[in-house]
Amino acid sequence: MTAGGLVPPGVLEFVRREFGPEVEITGIAKPGSWAVARICLAGGGAPPTVIAKWLRTGSDGWRTDPRQLHTEAVALRFTAELAPDLVPELLAADVDSSSGAVLLEDLAPREPLDALIRREGSEQTDGARLAFARAMGRLAATTAGPDHDHELQRRLGSRAAVDPAVRRLGILGPPWERMRTIIEEFGVGVPAAAECEAIALRALFAEPGPFLALSNGDMATNNFMINITEPANGRMIDFESAHYDHALSHPANFFVPGPPWMAINDPIADRLEDQFRTALTAGIPQAADDQRYHLGIAAGCVAMGFQRCGNLPVMDIRPPGDPSRTQRVLTLESAARAAEARGRWTALTDLLRALATALRRRWPDVDVDLGSVRPYTPRLGWADC
């Protein structure tokens, strides 16, 4: 590493190769622990700042695979051809060397939506969240269809970061056989009706039909960059795991908490969904069909609820009071509530409720009512997932 250990030397060499020897690197800022840095440049016609992302060398396994950088570069170029105002500009990519990196447009003063929500609160960020919902819908609408899917796969070739054979089923988390075992280990039986719905749920995601569309791989608030004073100019980021899947699974993040949040409880969830659906219908008219639409939205919420419980055995050995336990219970109840509102997947919804009840009995420290949790309450230690 160099520059105070902030950036690997190979990444800085790549910057100099790309912009020329007359360019001077005048500063480096590295937010957080991510393998990302803002690099300040001067001279030679280079932009004043660029964002560099590179491979890690640690043992956690994330962004240590060169295929992730390859996927990011290919997916950003692909998306920019269809909707250039939804993603940052890819300035350069070096995905083959041991010090591989991508150089991206600096999106400042935009910041991650989750950081904005944490700082300003949900009441002050309605416009930003609505922009996120519109952008999510537009991304799916603009990229939808098997022809676009095939073209992205052609460009990725054999170096896709996500296996095409399983990419559409990622929201389901562990295979159902494993999930059933986990549920039963916590004292909850799985009725035949839930087994049947689990098969149908898998089929829905395996064959999205007209709802086949691009995802960046993690449609969450931390991957949407926005300026609160100009919410219409938000950008989707982090395409390392870009793939095609069921577009109606993406809005589950409006209702079911991912790792950063104890609960969502978004007071404008209906408006978020309306914005998403309107944007989506412009490219996928089948989204106007209430039966198909609500079936898919409920499926995404149910699937995300089960996905987040794949590591319940890990939660079980954590000490009483660990926030991950409470978050898991609230996740199950949030997913069930969202599906119940649509009257779909009733057997799986009942199973989510039964599992949440069993966890509340097993973990007496979990004593929080979902309805009492403020919107977007942050979860401490969320990096533990």
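Values in this document were obtained by computation on a predicted structure and should not be read as measured data.

Here is what the cut-offs are and how they apply
- Residues numbered from 1 in each chain as written.
- Predicted model: local features only at pLDDT ≥ 70, side-chain atom pairs only at ≥ 80, totals over all residues.
- Heavy atoms only, no water.
- Helix = DSSP H or I, 4+ residues; strand = E, 2+ residues; numbered from the N terminus.
- Rg over C-alpha atoms; globule rule 2.2 N^0.38 Å.
- Buried < 20%, exposed > 50% of the residue type's maximum accessible area, 1.4 Å probe, protein only.
- Contact = heavy atoms within 4.5 Å.
- Areas by Shrake-Rupley, 256 points an atom, 1.4 Å probe, with all protein chains shown as cover.
- Phe/Tyr/Trp six-rings, centres within 6.5 Å; stacked < 30°, edge-to-face > 60°.
- Lys NZ or Arg CZ within 6 Å of the ring centre and 35° of its normal.
- Axes fitted to C-alpha atoms, helices over the stretch in contact; angles between N-to-C directions.
- Parallel < 35°, antiparallel > 145°, perpendicular 65-115°, else oblique.
- Left-handed = near helix turned anticlockwise from the far one by under 90°.
- Pairing = 2+ DSSP bridges.
- Arc of directions from axis to C-beta.
- Core = buried A, V, L, I, M, F, W, Y, C linked by side-chain atoms within 4.5 Å.
- Nonpolar A, V, L, I, M, F, W, Y, C, P; charged D, E, K, R; others polar.

Here we look at the overall build of the protein
Broken down by element type, the protein carries 12 helices and 12 strands. Whereas a compact globule of 385 residues would reach a radius of gyration of roughly 21 Å, the protein reaches 21 Å, a difference of no more than 12%. Across the 385 residues that make up the protein, the buried fraction comes to 54%. Residue pairs at least 24 apart in sequence account for 70% of intrachain contacts in the protein once pairs closer than 6 positions are excluded. Total accessible area on the protein is roughly 16,000 Å²; 53% of this is exposed by carbon and sulfur atoms.

Observations concerning the packing of aromatic side chains
Applying the stated criterion across every chain, the model contains 7 aromatic pairs. Ring geometry for Trp176 versus Phe306: centroids 5.7 Å apart, planes at 90°, classification edge-to-face. With Trp176 in helix 6 (residues 176-185) and Phe306 in helix 9 (residues 290-307), this pair connects stretches of sequence that are 130 residues apart. Each of the two residues, Trp176 as well as Phe306, counts as buried. Measuring from centroid to centroid gives 5.3 Å for Trp261 and Tyr376, while their planes differ by 85°, and the two rings are edge-to-face. Residue Trp261 is located in strand 11 (residues 261-263), and its partner Tyr376 is located in the loop between helix 12 (346-362) and strand 12 (377-378); the two are separated by 115 residues in the primary sequence. Owing to a relative accessible area of 3%, Trp261 belongs among the buried residues under this scheme. Look at Tyr376 and you get buried, because its relative accessible area is 7%. When the ring centre of Tyr293 is taken as reference, the NZ or CZ atom of Arg277 above it lies at 4.0 Å.

Things to note about the packing of helix 7 (residues 192-206) against helix 9
Two elements in contact, helix 7 and helix 9, have axes whose closest approach is 11 Å; the angle formed by their N-to-C orientations is 110°. In terms of their interaxial angle, helix 7 and helix 9 are classed as roughly perpendicular. Remark: the crossing between helix 7 and helix 9 carries left-handed chirality. Taking contact as the criterion, the partners of Leu201, Leu204 and Phe205 in helix 7 are, on helix 9, Leu295, Gly296, Ala299, Gly300, Val302 and Ala303.

Here's the deal with the pairing of strand 3 (residues 49-54)
Extensive coverage of strand 3 is indicated by the burial of 5 of its 6 residues. Inspection of the sheet shows strand 2 (residues 36-42) paired to strand 3 by 5 bridges, in the antiparallel sense. Pairing of Ile39 across the sheet is with Val50, part of strand 3. Here strand 2 folds back onto strand 3, and the loop between the two strands holds 6 residues, one of which, Gly43, carries a positive phi near 85°. Direction of pairing for strand 3 relative to strand 5 (residues 101-105): antiparallel, over a ladder of 5 bridges. Paired with Ala52 across the two strands is Leu103, which belongs to strand 5.

Quick look at unusual backbone geometry
Cis rather than trans, the peptide bond between Ala108 and Pro109 has omega equal to 15°. Topologically, Pro109 is positioned in the loop between strand 5 and strand 6 (111-112). For Asp238, which is not a glycine, the phi torsion comes out positive at approximately 60°. Here Asp238 lies in the loop between strand 9 (230-236) and strand 10 (243-246). In this structure, Asn265 takes a positive phi of about 45° despite not being glycine. You can see Asn265 is positioned in the loop between strand 11 and helix 8 (269-281).

Focus: helix 3 (residues 113-120)
Along helix 3, the residues classified as buried are Leu113, Asp114, Leu116 and Ile117. For helix 3, the buried positions fall inside an angular range of 160° around the axis, keeping them on one side. Against strand 6, helix 4 (126-143), strand 8 (224-227) and strand 11 lie the buried residues of helix 3. After helix 3 finishes, the residue Gly121 shows a positive phi value of roughly 90°.

Remarks on the nonpolar core
One broad rule of soluble globular proteins: the nonpolar side chains tend to lie buried together. Counting 103 residues, the largest nonpolar core has Ile183, Leu201, Phe276, Leu312, Leu348 and Leu351 as the members making the most contacts within it. Leaving out residues up to four positions away in the same chain, Leu201 has contacts with Leu172, Ala299, Val302, Ala303, Trp345 and Leu348. Core analysis: the next-biggest nonpolar cluster, separate from the first, contains 19 residues, Val11, Ile25, Val50 and Ala101 among them.

Details of the packing of helix 7 against helix 12
It is the contact of helix 7 with helix 12, at a shortest axis distance of 8 Å, that shows an interaxial angle of 115°. Judged on the interaxial angle alone, helix 12 and helix 7 are roughly perpendicular. Where helix 7 crosses over helix 12, the two elements pack in a sense that is left-handed. On helix 12, the residues that touch Ala193, Ala194, Glu197, Ala198 and Leu201 of helix 7 are Thr346, Ala347, Leu348 and Leu351. Class assignment of the residues belonging to the contact of helix 7 with helix 12 gives a composition of 7 nonpolar, 1 polar and 1 charged.

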